[in-house]
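Structural overview
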Amino acid sequence: MADACTHEDSIREVTPSARGCEECLNTRSRWVHLRLCRTCGHVGCCDDSPNRHATKHFHASRHPIIEGYDPPEGWGWCYIDEVMLDLSDRATPQLGPIPRYV
Ligand SMILES: [Zn+2]
Ligand SMILES: [Zn+2]
Ligand SMILES: [Zn+2]
């Protein structure tokens, strides 16, 4: 485990791709928490969710940095370095109310 993330240059200002996990919304699956990719704006679900779409997105895209996307969070995580990042000064605003199928 590294002490610091070396991928902060991949953090962009992104527009979230959906109000909830893109893939779960399509399949009407549930999620527990949302994660936003800070490279491309993909919204996926966390590892406590049945489908773990955020981690799948990282494996498919190699985009290293996600942001917690359930309000108000403001933290990030680098999958490669396995370190938390403070994004509170550059958090992504919510698109709108997060839909739930629970
Ligand atoms: Zn990193
Ligand atoms: Zn999902
Ligand atoms: Zn991405």
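Refer to the preceding data block for the structure.
Below is a short write-up of the structure.

What counts as what
Residues numbered from 1 in each chain as written. Chains lettered and ligands numbered in written order. Predicted model: local features only at pLDDT ≥ 70, side-chain atom pairs only at ≥ 80, totals over all residues. Heavy atoms only, no water. Donors = N, O, S within 2.8 Å, 3.2 Å for Na, K, Ca; no water. Tetrahedral: all angles 85-135°; square planar, octahedral: opposite > 155°, others 65-115°. Buried < 20%, exposed > 50% of the residue type's maximum accessible area, 1.4 Å probe, protein only. Helix = DSSP H or I, 4+ residues; strand = E, 2+ residues; numbered from the N terminus. Contact = heavy atoms within 4.5 Å.

The coordination sphere of the zinc ion (ligand 2), as far as protein atoms go, consists of C21 (SG), C24 (SG), C45 (SG) and H53 (ND1), spread over 2.0 to 2.3 Å. Taken together, the four donor atoms coordinating the zinc ion (ligand 2) span angles of 100 to 118° at the metal, a pattern that classifies the geometry as tetrahedral. Sequence spacing among the residues donating to the zinc ion (ligand 2) works out to C-x2-C-x20-C-x7-H. Like C21, the residue C24 is buried in the burial classification.

A few words now on the coordination of the zinc ion (ligand 1). Within the protein, the atoms that donate to the zinc ion (ligand 1) are C5 (SG), H7 (ND1), C78 (SG) and D81 (OD), at distances of 1.9 to 2.3 Å. For the zinc ion (ligand 1), the four donor atoms are set out with angles of 95 to 120° between them, so the coordination reads as tetrahedral. Counting the intervening residues between successive donors of the zinc ion (ligand 1) yields the motif C-x1-H-x70-C-x2-D. Taken together, the positions of C5 in the segment before α1 (22-27) and C78 in strand β4 (residues 75-78) put the pair 73 residues apart, joining distant regions of the chain. As far as the burial class goes, C5 and C78 line up, both buried.

Here we come to the side chain of S10. With respect to the helices and strands, S10 occurs in the segment before α1. When sequence neighbours within four positions are dropped, the list of residues in contact with S10 reads R38, T39, P64 and I65.

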